[in-house]
Structure formats: structure tokens, C-alpha cells
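# Topology and contacts: notes
Okay, here's what each chain looks like letter by letter:
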Amino acid sequence: MALWARAEVWMAGPRVPLRRAHALATSANLPPKAVLPFEAIPQCPGNKWLRVLQIWREGSEDLHLQMQRTFQELGPIFRYDVGGKYMVHVMLPEDVEKLKQAEGYQPHRMALEPWLAHRQHRGQKCGVFLLNGPAWRADRLRLNPDVMSPKAVQKFIPMVDRVARDFSKALMAKVLQNTRKSLTMDIQPSIFYYTLEASNLVLFGERLGLLSQSPSPTSLNFIHALEAMLKSTMQLMFMPRSLSRWMSPGVWKQHFEAWDYIFQYANNSIQKIYQELALGRPQRYSGIVSELLLHADMTLDAIKASSIDLTAGSVDTTAFPLLMTLFELARNPEVQQALRQESLQAEAKISENPQRANTELPLLRAALRETLRLYPVGMTVERQVSSDLVLQNYHIPAGTLVIVQLYSLGRNPTVFPRPELYQPQRWLNRTSPTRLPYVAFGFGPRQCLGRRVAETEMLFLLHHVLKHFQVDTLTQEDINMVYRFVLMPSTLPLLTFRAIN
């Protein structure tokens, strides 16, 4: 505990004071009243079709801040309609709990139209990210044992550990080329290469060589395709397909071309595994897709579809939290030192058995939660409710799309005291009467399928980097975050890595 206590309070940002904090805190503690109709929910002012036009013209990079301001003005629940979509937005833990309790065996989420259009136009099967109903449940139940279960995690942890050690060695080689044994650099490309290298090994059992001096053009093109896919998704997702095809044909072309490359990349990897399995059963664990093919309880098309979902979500969504954690540790050196001591004390046990990292690094795991509280890469969790329920004393009819705004939830001072502080210790406070909400990866049976892979990649990279490097930055100012389908930093300051010992 002495180690954790030293990591107690440091700046994080950006700070946006919630002027209506008292109202947000107490709204659910009022005496019971008659349930109000859906139409009485405070509604975000403005024309829903003008919002579509604004997003098409200007984008919506500050959407997370718009949502936070609206909560401050209207309270902890409001309606926000865009185009033909009618949505209710919430941001309090009690409403998250009610959504959890209300969902059944087949939680329903809104179809992501640009992605769905690509699958339909190309005649491709949808993976679990796009499926709903019995088809989703059937595939998800078959995927969980090889992707999400503790047994599966134990199998792929050694793979991630090897890649993270290689990353640290490659970084050390660069640092030691400098006589001062330090290197100031833009670490973002290297982090992207790491997440793709680790994810590719876990999914397909193949190393790509991205940590070498000359990454392959194929891998670089894959990263560019992911960036193009995410950018075009944001431009198309709020506009009806019939309208956007007329107004944004160039964006649709970019979107389809990006997805085509992602499909080609994943299909080539799956085909290699299929050919190897045809020659004989492998004698060792060789990745998630290999296990799925060996079990043969899903069709090849279903395996391909969900493997592509995992591949598409394997880079940005892990890289950005890693980058923000390194930045926060660089400007909070006492937190960094506490984490380093934890990693050094646990190194012998983890080297002997990498599976022990999850139990030996509690403060590092708390730091990752703290990063995702402040910078949720997935800005929302959504559910289309299957039955009527009551949120904040308003009737929510079945079929309504309810969206939990994670950025606003994570910065609500009634939930997280002094939310502007980077305070990993808050997650380890065993004396707290309430459990802090952690929904960065969603919740329930529909939580993110790649959660365990992402958590493992982040944990091991930071563990190995912090053992060998001190991370510094001259920048103390908050970083501006932008919403481009995922929440990401607009720019990142240079970080300095100093070799230790």
C-alpha cells in the first residue's frame, strides 16, 4: 500500500468543470414521483437534419465536448436526434446498472450503416460486431472460449510477452545509439507497429517483423487502410445511406477501398493458417484463429467475418490508450516511479511465469483504467432496449437507442472526485462504499470481444518499458482530444526515453 499511496494525486486533463454537478448528483435521490413520459425528456435544441448537414460539412471532432456541455445544461439525461436516428443519452452509473439489468441474452446494438453497407454490397458475412439476435448469440458463444475466457488468455499471454520484450529491446537499441543514453522521439508509429505485431501474432500466429528498422509495405498499407476506414466511417455514419451516396460518393469509395484492403489482409492470413492445418495438426498453440478452425464448430465464413472484426479493432483502440498512458506518466513522474517499482518487484515472478502479470501488477492495471476513464477510446456504449424501462424517472419505451457517454461519465465529479487528476489509486481504494464504474470495454455479454487481447497488450508493453526507461516530456499542458469514430489525441508531444541502468 505504501507503493500505491505515492501514486495518489497528479494532473491529468483536459479539465471541463461540470457546473451542474450538484443537480447531476442528486437527481436520482429525490423522493419517488410519477414516471414521466418519454416526450418529457429534455431535448437537445436544434434541427436533427441540420445536425447531419453540419457533420457532413464540418465533421464532429468535438462531439464528446458537445455532449458534456449538453449534460451540464439539460441534466443527466437528454434526447439527441440526428437525421433519422432517435437517441437518449445518459451518463450516471445508476443508469448503466439499469441497462445491464434490463438486457437479456441477446443485447441489441445499432447497426453501423457504413460497415453494414460494405458487407451487403460485397456479399460478405457479418461478424459479431454487426450481428444482432440469435445469429449474434450463436457466434459469440462459440468465440468466447477461444478469445475471452481465462484459459484463452493464459494461452496467448506468452505471445504478447515476447512481442513486448522485443519492443523494449528495439527501443533500447535506438536509445543506446545516443551517447547520452536518451532519445526524444514521436513514439506513435512505434506503438502502432507494436499493437499490430502483437495482435497479428495472437490472432494468426505470425510475426510481421514490424519492430525491425524496415516495416513491410503490406503492414504499413494495412495501418493506412484502418485510418481511412475510421475517418470515412465518421463522415458517413449519421447520414441515411440513400442521401450520403448522392452527397458523398467519394467518401463511400474511400470507405469501400479501405475495407477491401482490410479484408484482403485478414483473408491472406487466414488462408495461410488453413493451409498449414491441412498439412497436419500443429503441436503448439498458434493463435486464436487456428483454435477456431481446429474446433470446427463455426463455418469458415463466420470465422473470417469475426476475425476481420478483431483485426480492424486491434490497432488504434489499443495504441491510443498506450500513448495517453505514456504521456500521463511522463508528466506525473511520481506515478511513473511507483509503477516502475511495482514492475521491478514483480519481474522475477513474471519472467518465470508471464501469466502472473495480471495478479502481480495491480497498480499498473489501475493506471490503465484511469487512462481509459479520462480518454475512453470508444466514446460510448449503446443498447437498443428490448423492453420498457425507467431512467431518471422517464419512461423509455422498448426499441429506444440508449447511449452511455463515457467521456462525460469519467469526468463527472460526483462519481470520480477531482476527476481532472490522474489518480490510479482511486481504483484500488478498498474502503470506498461504492464500486467505481468501469465500462470502457462495454458490459455484459456484448462487451468488447477483443477486450482481453487489448488489456494484455497494454499491460505487458508498459511493464517492460517502465522497467528499462524513464519517460519524460516538456509538455505539461492538456492534450486536445478529437472524435474520429474513436477518441484520439489531435497531436502528441515528443517523449524522451532515458535508459535506466
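Only a predicted model underlies this, so the values are computations on that prediction, with no experimental measurement involved. Within each chain, residues carry numbers counting from 1 in the order of the written sequence. Only residues with pLDDT of at least 70 get local features here, since the model is predicted, and only at 80 or more are side-chain atom pairs given and counted; chain-wide, interface and lining totals rely on the full set of residues. By convention in this description, side-chain values take in all heavy atoms of the structure and omit both hydrogens and water.

Quick look at the overall build of the protein now. Secondary structure elements follow DSSP: runs of H or I no shorter than four residues count as helices, runs of E no shorter than two count as strands, and numbering proceeds from the N terminus. Within the protein, the regular secondary structure consists of 20 helices and 13 strands. Throughout, exposure labels follow a simple rule: accessible area from a 1.4 Å probe, protein chains only, divided by the maximum for the residue type, with under 20% read as buried, over 50% as exposed, and the rest as partly exposed. When burial is assessed residue by residue, the protein has 55% of its 501 residues classed as buried. Put simply, 77% of the contacts in the protein that link residues at least 6 apart link residues at least 24 apart. Any pair of residues with heavy atoms lying within 4.5 Å of one another is described as a contacting pair.

Moving on, we get to the pairing of strand 3 (residues 87–90). Covered by surrounding structure in strand 3 are M87 and H89 together with V88 and V90, the residues of both alternating faces. At least two bridges found by DSSP between two strands are what make those strands a pair. As paired strands, strand 2 (residues 77–79) and strand 3 are joined by three bridges and run antiparallel to one another. For R79, the partnering residue across the bridge sits in strand 3 and is V88. The sheet contact formed by strand 3 and strand 8 (residues 401–405) spans four bridges and is parallel. The residue of strand 8 that forms the bridge with M87 is L401.

Tracing the sequence through the fold places L310 in helix 14 (residues 300–312). Linking L310 and C448, residues 138 residues apart in sequence, is a C-alpha distance of 9.6 Å. Beyond its immediate sequence surroundings of up to four residues, L310 is in contact with V147, L203, L449 and G450.

To continue, consider the nonpolar core. Here the nonpolar core consists of buried residues drawn from Ala, Val, Leu, Ile, Met, Phe, Trp, Tyr and Cys, with membership extended through side-chain atoms lying within 4.5 Å. In terms of nonpolar packing, the biggest core is built from 153 residues, with I396 and F497 touching the most fellow members. Top element by residues in this core is helix 8 (residues 150–176). It accounts for 11 residues. Apart from the residues within four sequence positions on either side, I396 is in contact with F38, I41, I77, V88, V385, S387, D388, L389, L391 and V402. Within the second largest apolar cluster, five residues are counted, among which are L236, V251, W252 and F256.

A word on helix 7 (residues 133–147). A helix is expected to span 1.5 Å multiplied by its residue count minus one. Here helix 7 contains 15 residues, and its C-alpha end-to-end distance of 20 Å stays within 8% of the 21 Å for a straight helix at 1.5 Å per residue. Note on bend: the value at a residue is the angle between axes fitted to the seven residues ending there and to the seven starting there. Remark: the principal bend of helix 7, roughly 25°, maps to L141, with a proline, P145, within the next four residues. When helix 7 is considered as a whole, its buried residues turn out to be G133, W136, D139, R140, L143, D146 and V147. Looking at the buried side of helix 7, the elements it contacts are helix 8, helix 13 (288–295), helix 14 and helix 20 (451–468).

Angles shown run from 0 to 180 degrees and are taken between the N-to-C directions of axes, each axis being a line fitted to C-alpha atoms and, for helices, limited to the stretch in contact. Between helix 16 (residues 333–352) and helix 18 (residues 362–374), the shortest axis-to-axis distance is 8 Å and the interhelical angle comes to 140°. Our classification of the angle between helix 16 and helix 18 gives oblique. Packed against helix 16, whose contacting residues are A338, L339, E342 and S343, the element helix 18 presents P362, L363, L364 and A367 at the interface. Classification used: nonpolar for Ala, Val, Leu, Ile, Met, Phe, Trp, Tyr, Cys and Pro, charged for Asp, Glu, Lys and Arg, polar for all others including Gly. For the contact of helix 16 with helix 18, a count of residues per class yields six nonpolar, one polar and one charged. Orientation categories follow fixed angle ranges, with anything under 35 degrees roughly parallel, anything over 145 roughly antiparallel, 65 to 115 roughly perpendicular, and all other angles oblique.

With that settled, the discussion passes to the packing of aromatic side chains. When the centres of two rings from Phe, Tyr and Trp lie within 6.5 Å, Trp using its six-membered ring, the rings pair. Their planes under 30 degrees apart give stacked, over 60 give edge-to-face, and anything left gives tilted. Counted under the stated rule, the structure contains 12 aromatic pairs. Each ring, one from W115 and one from W259, has its centre 4.9 Å from the other, and the planes form 80°; the classification is edge-to-face. Here W115 is found in helix 6 (residues 113–122), whereas its partner W259 is found in helix 12 (residues 249–278), with 144 residues between them in sequence. Each member of the pair, W115 as well as W259, is classed as buried. On the basis of an interplanar angle of 50° and a centroid distance of 5.7 Å, the ring pair of F416 and W427 is categorised as tilted.

So, about the pattern of salt bridges. One speaks of a salt bridge when a side-chain nitrogen belonging to Lys or Arg is within 4 Å of a carboxyl oxygen belonging to Asp or Glu. Inspection of the entire model under this criterion finds 25 salt bridges. Between R331 and E328 there is a salt bridge whose closest N-O contact spans 3.1 Å. The class for E328 is buried, based on a relative accessible area of 0%. Here the residues in one salt-bridge network are D161, R165, E347 and K467, joined through shared partners.

What follows concerns the packing of helix 8 against helix 20. Relative to each other, helix 8 and helix 20 sit at 35°, their axes nearing to 8 Å. Helix-helix and strand crossings are classified by hand; for helix 8 and helix 20 the assignment is right-handed. Residues V153, F156, I157, V160, D161, A164, R165, F167, S168 and M172 of helix 8 pack against R452, V453, T456, E457, F460, L461, H464, V465, K467 and H468 of helix 20. For the contact of helix 8 with helix 20, the class distribution of residues is 11 nonpolar, four polar and five charged. Put simply, a crossing is left-handed when the front helix is turned counterclockwise from the back one by less than a right angle, and right-handed when it is turned clockwise.

Strand pairing in a sheet takes place through backbone hydrogen bonds and is either antiparallel or parallel in direction. Read across the sheet, three strands follow the order 4-13-10 without closing on themselves; strand pairing throughout is antiparallel. Looking at which strands have only one partner, the edges of the open sheet turn out to be strand 4 (182–185) and strand 10 (469–472). The sheet shows a mean angle of 20° between the axes of neighbouring strands, direction not considered. Sheet strands touched by helix 20: strand 10 and strand 13 (495–499). Its angle to strand 10, the strand with the most contacts, is close to 95°.

The next subject is the environment of F192. Along the polypeptide, F192 turns up in helix 9 (residues 188–204). Taking relative accessible area as the criterion, F192 reaches 5% and is therefore assigned buried. It is 5.7 Å that separates the C-alpha atoms of F192 and A319, two residues lying 127 residues apart in sequence. Excluding its chain neighbours within four sequence positions, the residues that come into contact with F192 are I223, V315, D316, A319, F320 and L323.

Mapped onto the elements of the fold, Y285 is located in the loop between helix 12 and helix 13. A sequence separation of 126 residues divides Y285 from M159, and the C-alpha atoms of the two residues are 9.7 Å apart. When sequence neighbours within four positions are dropped, the list of residues in contact with Y285 reads K155, F156, M159, V202 and E291.

By the secondary structure assignment, S290 is in helix 13. Any pair of nitrogen or oxygen atoms within 3.5 Å is treated as a polar contact; in protein, a donor-acceptor pairing is required on top of that, and neighbouring residues in sequence qualify only through side-chain atoms on both sides. A polar side-chain atom of S290 sits 3.1 Å from a polar atom in the side chain of S286.

Shape descriptors only; they carry no functional weight alone.
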